[in-house]
Amino acid sequence: LDVATETYLSMPPRKRRNSSAGGSSSKKRARKSKATDEDPNPPSGDLVPKARATISPDANKGLVFNLPSEIWLEILSYFSSLRIPTLRLNDSPLLPPATLQRGQALRALSQTCQGFRERFLGQCWERFEVCAMKIVEKEKKDGGEGHTEEEEEENGESVSGAWYKTISQALERKSHGLRQTPDIAKFVTTVSVALTRCDHKAVLSAFVQCLESLPNLHTLQVVRAHTQMTTHLKLAFEGHVLPQVRTVVLPDHAHNVLRSCPGVREVMCNYDDGGKLIGAIGALMKERGEKAKTKGKGKGKAKAKDKDMDENVDGVRVLSGFRVDLNMMKRIVKFVPELEEIRLSTDAESLALLTPLIHLRRIELHASPEKDPSESLPEPTKPGLFFSANNIDWVEERKKFQEVLGVAKGVLVDARKKRGGNEEEEEGKLWLRVRYERGRLGKGKVEEVRL
């Protein structure tokens, strides 16, 4: 008894535990910790899979992802982009990088998330542009704060040294890359490039092969090409056909590019008067006539190829940016009989030669702002000063321009009568406009003249 008592007294007191009450309280504590997430350091191995499992599958379907396409188009319209056509400002060899803001914004959006990539990837690659860059000279003196190559590569908007080498290397590299990725090439619809003589054989060869690999290309714009590249372009494009191209913007000395586009419907001249481009259109018309004569005579693949070419050739319908004199107007009437729209600067005598073109529906005349009758006349220049536009007798010039407008009205009305159309049927399709240009970029006041 004493041993038992001694043993009992030496043992620590034992707490009583109610099994049923303890089980319910532990469950409550578990539910509370799960609901309030009070544990500051939960085990990572157990929590991460649960957190990933709780991510909603509709995480990329918020309000911003449901915005209509019209709103996105309105937002993107505030970013600068290349115009069709685009003219260089102040004879700079390349365009400023600010003209590519829209493309840079689209590229950033397409790399944000999967939802934005599906929405903006096509818009990001619908334009292939290698014609804009900021030319910066490095500081060669010690202690100068010049741009480093790393900074220029990161910014993507400036280049030091020989800009023509950089732009040619970029065109060759991007042409190879685009040709090797057909999933991206299918999005491209518009190409705008600047061409130089630097390594022209390799660069132009890669560029032409790239153009042939773009199934949905419809607009080709050469913003700048060296004036001595006529033969280089002829050798590069000779034997190659781009039947999918419908709009071509070229300087006059790059007319050999036009001969590879038999399906072109709109031709714009962004440098010089455009006389050589009219000659290239005449060559296309001659080839079209020869194919029409030999149609059906060939066999096998040659016959099928000629048939496909004839289906793609509809003739040029729109001319823009030409400075037309009497002789050039005669060539236009001869080589472009299906002309529907023309935008030009000319005189009354030359414009009257358009009468035989029965399909002509739209004329836009380009004039200087001084010819606008709503504007005040410039003050005459004082005697002894150098020649300026103010020395011109603008009263007489305005009278001559009113004669041009009268001739243009007569040409459009006569063409409508020859087609057998009336005013109600062709309402909105028949118009005469005047663009009073205020700069080399083609900006200015546009007025529609009642017929």
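Whatever comes next refers back to the structure up there.
Quantities reported herein were computed from a predicted structural model and do not represent experimental measurements.

**Q** Help me understand a nonpolar patch on the surface in this model?
**A** A cluster of nonpolar residues, Ile71, Ile75, Tyr78 and Phe79, forms a patch on the protein surface that exposes about 400 Å² of accessible area. In this structure, Ile75 sits in helix α4 (residues 69-76). By relative accessible area, Ile75 is classed as partly exposed at 37%.

**Q** Hey, could you run me through the environment of Met329 in this one?
**A** Within the secondary structure layout, Met329 lies in helix α15 (residues 326-335). For Met329, a relative accessible area of 0% puts it in the buried group. A C-alpha to C-alpha distance of 7.6 Å links Met329 and Leu354, two positions 25 residues apart in sequence.

**Q** Honestly, the nonpolar core in this entry has me stumped. Any pointers?
**A** Side chains that are nonpolar tend, in soluble globular proteins, to be buried together. In this structure, Val191, Leu258, Leu319, Ile332 and Leu365 are the most contacted members of the largest nonpolar core, which totals 84 residues. Not counting residues within four places of it along the chain, the set of residues in contact with Leu365 comprises Leu344, Leu351, Phe401, Val404, Leu405, Ala408, Leu432, Arg433, Val434 and Arg435.

**Q** I'm lost on the pairing of strand β6 (residues 247-251) in this one. Help?
**A** Across a regular strand the side chains alternate sides, sitting on one face of the sheet and then on the other. For β6, the buried fraction is high: 5 of the 5 residues fall into the buried class. Residues Thr247, Val249 and Pro251 line one face of β6 and the alternating positions Val248 and Leu250 line the opposite face, and both faces are buried. When strand β5 (residues 219-225) meets β6, the two strands line up parallel, connected through 3 bridges. Residue pairing in the sheet places Thr219 in a bridge with Thr247 of β6. A crossover connection joins β5 to the parallel β6 through helix α11 (residues 230-237); in handedness this β-α-β unit is right-handed.

**Q** Can you help me understand the sheet that holds strand β9 (residues 341-345) in this one?
**A** Hydrogen bonds between backbone atoms are what pair the strands of a sheet, whose relative direction is either parallel or antiparallel. What the 10 strands build is an open sheet, ordered β1-β4-β5-β6-β7-β8-β9-β10-β11-β12; its pairing is mixed. Only two strands of the sheet have a single neighbouring strand rather than two, namely β1 (127-130) and β12 (444-449). Each strand of the sheet is rotated relative to its neighbour by a mean of 15°, with strand direction disregarded. Summarising the sheet, strand β4 (residues 190-195) and β5 pair through 6 bridges and their orientation is parallel. Paired with Thr190 across the strands is Thr219, a residue of β5. Across the face of the sheet, helix α8 (residues 163-179) comes into contact with β1, β4 and β5 while running at roughly 155° to β1.

The rules we used
Residues numbered from 1 in each chain as written. Predicted model: local features only at pLDDT ≥ 70, side-chain atom pairs only at ≥ 80, totals over all residues. Heavy atoms only, no water. Patch = residues over 30% accessible without salt bridge, like charges linked within 9 Å, V, L, I, M, F, W, Y side chains within 5 Å. Areas by Shrake-Rupley, 256 points an atom, 1.4 Å probe, with all protein chains shown as cover. Salt bridge = Lys/Arg side-chain N within 4 Å of Asp/Glu carboxyl O. Helix = DSSP H or I, 4+ residues; strand = E, 2+ residues; numbered from the N terminus. Buried < 20%, exposed > 50% of the residue type's maximum accessible area, 1.4 Å probe, protein only. Core = buried A, V, L, I, M, F, W, Y, C linked by side-chain atoms within 4.5 Å. Contact = heavy atoms within 4.5 Å. Pairing = 2+ DSSP bridges. Right-handed = clockwise from strand over helix to strand, strands pointing away. Axes fitted to C-alpha atoms, helices over the stretch in contact; angles between N-to-C directions.

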